[in-house]
There are 2 protein chains.
Amino acid sequence: MSTKFPCPKNMEITLFIFLASVLATSHGAATPHQIHLLRPHSGASGHHVPGISCLSWRLAVETDNIRDWDLVPEACENYVGHYMLGHQYRKDCNAVGYSALQYAKSLKLTGDGKDIWVFDIDETALSNLPYYARPENGFGAKEYNATSFNEWIEEGIAPPVPAVLKLYQKLLPLGFKIVFISGTSEKYRKIRISNLKLAGYHTWEKLILKPTSESGATAVVYKSAKRKELVEAGYRILGNTGDQWSDLFGTYVGNRTFKVPDPMYYIS
Amino acid sequence: MSTKFPCPKNMEITLFIFLASVLATSHGAATPHQIHLLRPHSGASGHHVPGISCLSWRLAVETDNIRDWDLVPEACENYVGHYMLGHQYRKDCNAVGYSALQYAKSLKLTGDGKDIWVFDIDETALSNLPYYARPENGFGAKEYNATSFNEWIEEGIAPPVPAVLKLYQKLLPLGFKIVFISGTSEKYRKIRISNLKLAGYHTWEKLILKPTSESGATAVVYKSAKRKELVEAGYRILGNTGDQWSDLFGTYVGNRTFKVPDPMYYIS
């Protein structure tokens, strides 16, 4: 057995070495190949991925393994920037939208106008990437500045996340009613409405913004309470899309949740 | 405003073009750069990532956006193979282990022996990669063969997932009791014990395997029920680590959950 498996005292030897040795010796064996002929390479798709630790950091963020983080690690600023400005972010968003649409199409709606799809706004329906891409914000690697962020919100020019807009556009003719639930303060209602319309979101059942009275609540508490109100009003939350796990955890989260990537910030 | 934002009828224009145009024009502006000087590149870290759609597929799987999938897409067999045999899988596992350990160290244990950490076994404590790497299994891209998989389990030579073994080794001296909950049938208890020990897992509070009477239950139902029994017996589930969302969803999931990557199969 020792040729097939390292002895216990060497158990910390990596799986890589274990498999590599099997690969190296299997050619001489009389039996058919026991192990796939693939050669182990480095990184995704067999190519070395620069910033490999940032890729792992991002995966850990997206799978909710790293919580309550404050800033993008300084060493990952460029990585996150290239990700957000490059193809991969858009491809990843497209995969989320595609998966959500396949699910939506599989449903039979009642037609009573109570079948809803919940969307978060920031980094879900709308993108603040033009703001986060400013050098002073460094894709979330620089300290958050509430004043300048609110000034950006007040401009009302955030573009859509294209894959989410596309999902929205396809959900409407299927019969879904749309509900936006955002942590943005109620005082920005007017500019948020104009921004959503400018970005291509022309109709919705409800646009729920955060009342000043609830400004102290975490997103997961606030959003759970709002979803509870929807369910108590007879709505069925069939889908729920957000960039933060706090959009998708808690209570009344809906029949299916869809996580849009966001490596730039964390909201609890 | 038209120079800062595409007009509504062009709203489907990608964010990429929007940002690229801002980047291209911002050099002539009298004001400081409004947008980060990063140039948009393709893919992660600014390099083209071959198999880009497989990377998005994997992220969607890891974030639970794609559920109930049956096989790795045929086009992603090589991608998944290179990922699993390459550096990235091990780096991603290390990031999970590191994050879990940071959390574990932040806790104050009671010392009454009731503070537990739950681990799944397959693709969490132990790796079946030597099995899935066989050409006939193609890293989950080929149809599942229960007979040959069970023969592999009966060999009892699955190596550890190195990052998870390391986490286990560091949790013990912190005072955590370990509970393994696995969907493996009770009839494999003897060989699973010997395999766990061979792989370096020498001690545990409980090893919960699936009774034949519960063979029909989904993982999320079966594992929730077992965790409920633990909590009712006075245990506190402080951490919970698994490769499937069905290990980490349901009830009594624990104070924190940690998702180990697994792009090879899906268990509901």
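All values derive from a computational prediction rather than experimental measurement. (Residues numbered from 1 in each chain as written. Chains lettered and ligands numbered in written order. Predicted model: local features only at pLDDT ≥ 70, side-chain atom pairs only at ≥ 80, totals over all residues. Heavy atoms only, no water.)

Draft legend 1. The arrangement of the environment of Lys228(A) in detail. By the secondary structure assignment, Lys228(A) is in helix α9 (residues 219–232). Considering only alpha carbons, one finds Lys228(A) and Tyr252(A), 24 residues apart in sequence, at a separation of 6.0 Å. (Helix = DSSP H or I, 4+ residues; strand = E, 2+ residues; numbered from the N terminus.)

Draft legend 2. Quick look at the state of the cysteines. For the structure shown, the criterion picks out two disulfides over all chains. Disulfide pairing is shown between Cys54(A) and Cys76(A); the S-S distance is 2.1 Å. The chirality of the disulfide connecting Cys54(A) with Cys76(A) is left-handed, given an S-S dihedral of about -90 degrees. Remark: Cys76(A) occurs in the loop between α2 (52–62) and α3 (77–85) and Cys54(A) occurs in helix α2; sequence separation between them is 22 residues. Cys76(A) shares its class with Cys54(A); the two are buried. With no disulfide of its own, Cys93(A) lies 18 Å from the sulfur of Cys54(B), the closest cysteine sulfur. Residue classification places Cys93(A) among the buried residues on the basis of a relative accessible area of 4%. (Disulfide = S-S within 2.5 Å. Buried < 20%, exposed > 50% of the residue type's maximum accessible area, 1.4 Å probe, protein only.)

Draft legend 3. Region of interest: helix α6 (residues 146–155) of chain B. All names here are of chain B. Inspection of α6 places Ser148, Phe149, Trp152 and Ile153 among the buried residues, and these make up the whole buried set. Along the axis of α6, the buried residues cluster in a sector spanning 145 degrees; they form a single face. On its buried face, α6 is in contact with α5 (129–132) and α8 (189–198). The backbone nitrogen of Thr147 lies 3.0 Å from a side-chain oxygen of the residue at the head of α6, namely Asn145. Gly156 lies just past α6 and shows a positive phi near 70 degrees. (Arc of directions from axis to C-beta. Contact = heavy atoms within 4.5 Å. Polar contact = N/O pair within 3.5 Å; in protein donor to acceptor, adjacent residues only side chain to side chain.)

Draft legend 4. Quick look at the packing of aromatic side chains. With the rule as written, the count across this model stands at 40 aromatic pairs over all chains. Between Tyr103(A) and Trp117(A), the aromatic rings sit 5.9 Å apart at their centres with planes inclined by 55 degrees, giving tilted as the arrangement. One end of the pair, Tyr103(A), is in helix α4 (residues 87–105); the other, Trp117(A), is in strand β1 (residues 115–119), with 14 residues separating them in the sequence. Judged by relative accessible area, which is 11%, Tyr103(A) ranks as buried. Judged by relative accessible area, which is 0%, Trp117(A) ranks as buried. Considering the side-chain rings of Tyr83(B) and Tyr89(B), the 5.9 Å spacing of their centres and the 70 degrees angle between planes classify their relative orientation as edge-to-face. The pair Tyr83(B) / Tyr89(B) is uniform in exposure class, with both members buried. Joined through ring pairs, the aromatic side chains of Tyr131(A), Tyr132(A), Tyr144(A), Phe149(A), Trp152(A) and Tyr265(A) make up one cluster. We note Arg256(B) situated over the ring of Tyr103(B); from NZ or CZ to the ring centre the distance is 5.3 Å. (Phe/Tyr/Trp six-rings, centres within 6.5 Å; stacked < 30°, edge-to-face > 60°. Lys NZ or Arg CZ within 6 Å of the ring centre and 35° of its normal.)

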